[in-house]
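Listed below are the residues making up each chain.
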Amino acid sequence: MDPSTHFLKEAFWQKDAFQFVDPNQFEALGIDPDSVPLGTYVSFRHPSQLRSRFGGNAYGTGFFEDYDRLSSDEIKKLNSIALDSPEEIRAHYKDLNEIYRKLGLLIRFSCLGHAYYLIPVHLISASLSHIQAKVEEIGKIVDFHSKKYLKEYCTIGVMTRHDDLILHELSFLFQDHRLYVIDSLEKLMAENPSLDIVILTNDLFETVIMEQFSRLEQQTISKKKLDQYSIYMLWKICNLLKSEGEIFIIADHFPSKSNRTAELTFKTEREEKRFSLFTHIFNTKKKYKIKDHKVRVNIFDLQKYLSGLYLEQETLSTLLKGKSLADLSLEEIGTLPYLRYNLAGSPFLANQQKNWSWLCSIFFDEIILKPLLPDSVRKDWGKRFSCQGYEPGNMLVFLGQKKPFEKAVVDIKQHVADSNLSGCDFELVADYRDSLEFIIRTLKVLHDLKQGNYGTLPRVFIDRLRQPLENVNRRFGAFNHCMKLINNIKRLEKISGYLNPDKIEGPNTRLLSNLEALISFGFSHDELNEMILITLGHTTMGRIISGKMSERSLKPVSDMARTYDPRQALNLLRYCRLMTMAETSAAGGRELSNEQLAQLFELYESTVRVVVNQELEWDRLLEEKTIALGGIRNRIIKKILTMMGYFDFLENWAELRKKGSMEKESLADYDPRKMAEIEEVIHLVEVIETFEAKYLKLDPLYLPAFYRKFLDLEFHGTSHLFKKMGSSLNVFLLLWITVNLARGESVNFNPILADVEIKGMDKRVLKVREEASTINLKHLNLDLLERFSEQLIQDRSSFIMGTGFQLKSTSQDKTLEIAYKDLDKSLKEAETLSLKVAGLAVSKISVDDLRKLEMVFADLEMFYQSQLRVMRDPDTDLKIPSRQQRWFESTWTMRKSLCRILSKSCSTLNPFTPTSNIFTNMPLSY
């Protein structure tokens, strides 16, 4: 009887952590016996780590440096096969098995398209001992945490592969705790329960390149990329942890190259033979000679020897010429040829302890960082050899506690809110501004201005703008922190790569949600204040010259300036003017036009007048400006032109209708785009006159009231949207509806473009323009809008009749929000997704599909409920448009279908599956 087979049956088929496969089942499972080398057993699970002679993990979860051992055709073949597709694997399983054999991997595929693993029989016991040692150390840390914080149970996240054997043992050990498995990047990025401890069972870099944990390709792996993804992973872990949460990493210890040596004394003849054989196979520092059972060995070679490198049985048999190690004497082994296989391993793991110290210290306070030799391993090694002058270890551990960030962030945000300088509330900031990329663009504008690179802007403006950059006496104190940030542009770009590597979270790296990370990277509170103010805007100046706000909003700034001496007050306003110029340029992606600069300087001069003249108030100043412009109607036209970006026509818009076609062409310098803008300006004036005649002049009191309300309202998200729409009628329609419906102080257009990436922006704006053109002008009289407003106050949400425009009234500040829902697209996506997930348990549905399903269902549900309220309203006498009727009927049908599919298996949700109204508030029958 084969003793290894007997050992396998006796020890593991009763309690089988590996899930071994009986050879009698090979045919039924599609396993080719020729793919199973001698001395290995087939299993469906494997040890987390097994070092191969090629420098990586024999189970494909680590670094392997000999990717170029494959031919170009084999590399092309490997990259062309989708390894998550059983159909493709079935078609190419023989090719895959041969490629994996060449790479030294112990992964194989069956003809049915499923993966299995090869477990070397002589390493089975060692693998389980290794796992048990890790489990014991993890158990000590969890017990220590529970006692330290007096907890009956802990919520523990384990970050490893879903088929890692260690999970099998931890599930038994932590029966009194809550265990969550984080086995993919999606689960790491998802919103999850707060955890007490997160455990990593592999090296940071090895975890990063595990399947499902990053989007790194083998060819693109570099130290820079590994650092980026490691820091990103640690930051996500930090966000998962509670305020007192801890991270524990336990992994194989990778030695660094060194000239240090130690004296090794062997206690058994077998150990001498094993070491001698090791030196003949691998490229050690030198050819070692054992004398009197002793040898002086380089500690790098010693650690590699003790790490248990995997060597293919066929290679060993060839070297030993078919004999076993026991049959050879030490002298015979000494005469064997030297194969000199590479022993260096991955260069990325060469400074493991140093890497951990730097990477983990960013977000965690170090409690423990040291090599570890578990007691069981120490006893085993003590029976085999003794070592003088060095204590070898086989593991490295790190225990760290989450750094306290929360209070600092709260204090910084409160400081900004109390400064009277922020141009926007945190809740209303546009997505593109809430990003490190926007901060960097703004700082680059300041840097260019400081260097004298100011394009074609008039020198008279530039010289005045540059005063805080050049003259310390004309610099407000806070601007010194901006100067520091300008010198840290490259550092901010680097940090952006850490917090959003390869743009995996979208084109922009969020600022406000990453403030804690920026504190960790060493930015001071004052520097973060400036970053937040750049995001929100240094005062409302930028929003005023964009037509979004009234000059009256500058009153807090002018009141604060009055508390300073005149020189400091002017320095404050110069600082605000300069930052506004930089922020506006960064937002538009180009330098300001002469007309925008003129507006900015005019606003600055007005603010100076109010600050210097204690008797002058903003209301009086604005009345003077209104009279100078020819009345409030002219101010409204100028405001809308500013919103649409038609700055060239702010002074001559009234004259354009009087000009002939040739005069217009001359004015446009024969530019077709400019000609189109001239026609839109003329059309805007005509649209306003039409609405005045149709709706406003019937009530002489309402006309000035409407215009006053228009001027006093605060608008958000209009610049990018209205500039790209290029239709004065559609722009005015949206403004007419929202201004009439608004009951608070602001209207927010940001949600229309909030969920769109930059590359899809133009397409979304075109859809919005087309949707606005479907608005029925008969539904825009004041009585209907008043009823609509009352409904909106009551229901908080509704859709403009016959369109996908959704209006929401927030409960806190009564901000009116407008969003666009492409209902045709949502219905099509819902149909596709429902077919895809039908019959699947929720746990089998991918996270991406669940998110899409949630978003689609939420849009359809909001529309359905809104239209249901309209149809049940006894006062409704409007004819519902046919497209709205079609949407309602299709939504009703799809709603029932989705709920029926999801209601079957909601109880099987994985704890890390994102959940919201789609599951918790979903009615299951209608």
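Basis of the calculations
Residues numbered from 1 in each chain as written. Predicted model: local features only at pLDDT ≥ 70, side-chain atom pairs only at ≥ 80, totals over all residues. Heavy atoms only, no water. Helix = DSSP H or I, 4+ residues; strand = E, 2+ residues; numbered from the N terminus. Buried < 20%, exposed > 50% of the residue type's maximum accessible area, 1.4 Å probe, protein only. Contact = heavy atoms within 4.5 Å. Areas by Shrake-Rupley, 256 points an atom, 1.4 Å probe, with all protein chains shown as cover. Lys, Arg positive; Asp, Glu negative; His and termini not counted. Charge placed at Lys NZ, Arg CZ, Asp CG, Glu CD. Axes fitted to C-alpha atoms, helices over the stretch in contact; angles between N-to-C directions. Parallel < 35°, antiparallel > 145°, perpendicular 65-115°, else oblique. Left-handed = near helix turned anticlockwise from the far one by under 90°. Nonpolar A, V, L, I, M, F, W, Y, C, P; charged D, E, K, R; others polar. Core = buried A, V, L, I, M, F, W, Y, C linked by side-chain atoms within 4.5 Å. Pairing = 2+ DSSP bridges. 1 Å grid on protein atoms, 1.4 Å probe; cavity = no way out; pocket = protein on both sides within 12 Å on 5 of 7 lines; lining within 4 Å. Points joined across faces, edges and corners; volume = space filled by probe spheres on them. pLDDT = per-residue confidence, 0-100. Polar contact = N/O pair within 3.5 Å; in protein donor to acceptor, adjacent residues only side chain to side chain. Salt bridge = Lys/Arg side-chain N within 4 Å of Asp/Glu carboxyl O. Expected span 1.5 Å × (residues − 1). Phe/Tyr/Trp six-rings, centres within 6.5 Å; stacked < 30°, edge-to-face > 60°. Lys NZ or Arg CZ within 6 Å of the ring centre and 35° of its normal.

A. Structural view of the overall build of the chain. When helices and strands are counted, the chain shows 40 helices and 17 strands. Principal-axis analysis of the C-alpha atoms places the extent of the chain at approximately 110 × 70 × 60 Å. Buried residues in the chain amount to 55% of all 926 residues. Within the chain, contacts between residues separated by at least 24 positions form 75% of all contacts whose residues are at least 6 apart in sequence. Summed over all atoms, the accessible surface of the chain reaches about 42400 Å², with 50% contributed by carbon and sulfur. Computing the positive centroid from 124 side-chain charges and the negative centroid from 125, the chain places the two 3 Å apart.

B. Summary view of the packing of helix α29 (residues 632-643) against helix α32 (residues 702-712). Packing of α29 against α32 leaves a shortest axis separation of 10 Å and a crossing angle of 40°. Considered as vectors, α29 and α32 are oriented oblique to each other. As for how α29 packs across α32, the hand of that crossing is left-handed. Residue-level inspection shows I632, R633, R635, I636, K639 and I640 of α29 in contact with α32, the latter providing P704, Y707, R708, F710 and L711. For the contact of α29 with α32, the class distribution of residues is seven nonpolar, no polar and four charged.

C. Spotlight on the nonpolar core. If you look at the biggest cluster of nonpolar residues, it comprises 119 residues, and the most contacted ones within it are I237, F363, F521 and Y575. Element by element, the count of residues in this core is highest for helix α26 (residues 566-588), at eleven residues. Counting 63 residues, the second largest nonpolar core, distinct from the first, contains F691, Y695, F710 and I818.

D. Representation of the sheet that holds strand β5 (residues 178-182) within the structure. Ordered by their spatial adjacency, six strands build an open sheet running β5-β4-β6-β7-β12-β10, and the pairing between neighbours is mixed. Strands at the two margins of the open sheet, each flanked by one partner only, are β5 and β10 (364-372). The average undirected angle you get between the axes of adjacent strands in this sheet is 15°. Packed onto the sheet, helix α14 (residues 352-361) meets β7 (241-252), β10 and β12 (395-402) and runs at close to 165° relative to β10.

E. Expanded view of empty space enclosed by the protein. Scanning all chains against the criterion turns up four cavities of 30 Å³ or more. By volume, the largest cavity is sized at about 60 Å³. What lines the largest cavity is simply L741, A742, R743, S789, L792, I793, S809, K814 and L816. If you tally residues by element for the lining of the largest cavity, the top one is helix α36 (residues 782-795), at three residues. The class makeup of the residues in the lining of the largest cavity is five nonpolar, two polar and two charged.

F. Summary view of the confidence of the model for the chain. When pLDDT is averaged across the chain, the result is 85; 90% of the residues are at 70 or more. Residue range residues 907-926 is modelled with pLDDT below 50. Its contacts to residues more than four positions away, or to other chains, number 43 contacts.

G. Summary view of the sheet that holds strand β11 (residues 385-388). Ordered in space as β9-β8-β11, the three strands form an open sheet in which the pairing is antiparallel. Whereas interior strands pair on both sides, the edge strands pair on one side only; in this sheet they are β9 (294-298) and β11. Pairs of neighbouring strands in the sheet enclose a mean axial angle of 30°, with direction left out of account. Where strand β8 (residues 261-266) lies against β9, five bridges are found, and the strand directions are antiparallel. Note that in β9 the partner of E263 across the bridge is R296. Seen against the sheet, helix α15 (residues 375-384) touches β8 and β11 and runs at an angle of roughly 95° to β11.

H. Fine view of the side chain of S797. Here S797 lies in strand β15 (residues 797-799). For S797, a relative accessible area of 13% corresponds to the buried category. One polar contact links S797 to Q806, side chain to side chain, over a distance of 3.1 Å. For S797, the residues in contact, after removing those within four places along its chain, are L792, Q806, L807, K808 and R869.

I. The arrangement of the pattern of salt bridges in detail. Tallied over the entire structure, the rule returns 49 salt bridges. Among the ionic pairs, R883 bridges to E771, the shortest N-O distance being 3.1 Å. On the criterion of sequence distance, the pair formed by R883 in helix α39 (residues 882-903) and E771 in helix α35 (residues 761-772) is long-range, its members being 112 residues apart. Using a relative accessible area of 23% as the deciding quantity, one classes R883 as partly exposed. Ionic contacts of the salt-bridge type, sharing partners, join the residues K151, D196, K242 and E244 into one network.

J. Structural context of α26. For α26, built from 23 residues, the straight-helix expectation of 33 Å at 1.5 Å per residue is met to within 8% by its first-to-last C-alpha distance of 33 Å. The buried fraction of α26 is high, at 18 of 23 residues. Where α26 begins, one side-chain oxygen reaches toward the backbone nitrogen of R567, 3.0 Å away; that side chain belongs to D565. G589 sits one or two residues past α26 and shows a positive phi near 75°.

K. Quick peek at the packing of aromatic side chains. What the rule picks out here adds up to 34 aromatic pairs. A ring pair is formed by Y864 and F888, whose centres lie 5.2 Å apart and whose planes are at 0°; its orientation type is stacked. Of this pair, Y864 sits in helix α38 (residues 847-872) while F888 is found in helix α39, placing the two residues 24 residues apart along the sequence. Per residue, the accessibility class of Y864 equals that of F888, and both read buried. Geometry around F426 places K413 over its ring, the cationic atom sitting 5.5 Å from the centre.

L. Structural view of the packing of α26 against helix α27 (residues 594-612). Packing of α26 against α27 brings their axes to within 11 Å, and their N-to-C directions diverge by 160°. Taken together, the axes of α26 and α27 are roughly antiparallel relative to one another. When the axes of α26 and α27 are compared, the crossing they make is right-handed. Listed contacts from α27 to A569, L570, L573, R574, R577, T580, M581 and T584 of α26 are Q596, L597, L600, F601, Y604, T607, V608 and V611. In terms of residue class, the contact of α26 with α27 is made up of ten nonpolar, four polar and two charged.

M. A look at unusual backbone geometry. With phi around 65°, N420 is a residue other than glycine that occupies positive phi space. By secondary structure assignment, the location of N420 is in the loop between α16 (406-418) and α17 (436-451). You will see that D669, though not glycine, has its phi angle at about 55°, which is positive. Mapped onto the elements of the fold, D669 is located in the loop between α30 (661-667) and α31 (672-696). Judged by its relative accessible area of 62%, D669 is exposed.

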